[in-house]
Amino acid sequence: LDMLAQTLNNDGNTNVRLAALTVLQKYSFDGHASSLLVKSLDKQSDPVVQLGLVSQLGKMKNVNIDEKLYALANNPETFVAVRDEANKILLNQDKL
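Residues numbered from 1 in each chain as written. Predicted model: local features only at pLDDT ≥ 70, side-chain atom pairs only at ≥ 80, totals over all residues. Heavy atoms only, no water.

*Asks:* Would you mind showing me how to read the packing of aromatic side chains here?
*Replies:* Between two aromatic rings, the relevant description is the distance of the centres plus the angle of the planes. Under the defined criterion, the tally for this structure stands at one aromatic pair. Relative to Phe-29, the ring of Tyr-27 lies with its centre 6.4 Å away and its plane at 40°, an arrangement referred to as tilted. The exposure class of Phe-29 is exposed, given its relative accessible area of 66%. (Phe/Tyr/Trp six-rings, centres within 6.5 Å; stacked < 30°, edge-to-face > 60°. Buried < 20%, exposed > 50% of the residue type's maximum accessible area, 1.4 Å probe, protein only.)

So, in structure tokens, the structure goes:
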């Protein structure tokens, strides 16, 4: 799991990072894996990977990412689709 997170956070290829995210998502029930996904959200600048992470983390019940979602939703430099997804998750959880 740590190697997948390392790949997700540092690989130069977006497709490779997305593949690592896909595999990590399969282990999202695991506390360590979910923690790695949450930490990865701070490290991602690629909108495609951010969108995948936000979407996955929004489905998970055992993580608290409200502050990160608010930060993404309120940052004018955040890609529009990522902002919209963050707002949608916050709205669905009655936190807006």
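*Asks:* Teacher, can you tell me more about the pattern of salt bridges here?
*Replies:* Using the criterion set out here, one finds three salt bridges in the structure. Ionic pairing is found between Arg-17 and Asp-46, a salt bridge with its closest N-O pair at 3.0 Å. Placement of the pair is Arg-17 in helix H2 (residues 14–25) and Asp-46 in the loop between helix H3 (31–43) and helix H4 (47–59), with a sequence separation of 29 residues. The pair formed by Arg-17 and Asp-46 is uniform in burial state, with each residue classed as buried. Residue Lys-88 pairs with Glu-85 through a salt bridge whose shortest N-O separation is 3.5 Å. Note that Lys-88 and Glu-85 are positioned in helix H6 (residues 80–92) at a spacing of three residues, about one turn of the helix. Residue Lys-88 is classed as partly exposed on the basis of its relative accessible area, which comes to 43%. (Salt bridge = Lys/Arg side-chain N within 4 Å of Asp/Glu carboxyl O. Helix = DSSP H or I, 4+ residues; strand = E, 2+ residues; numbered from the N terminus.)

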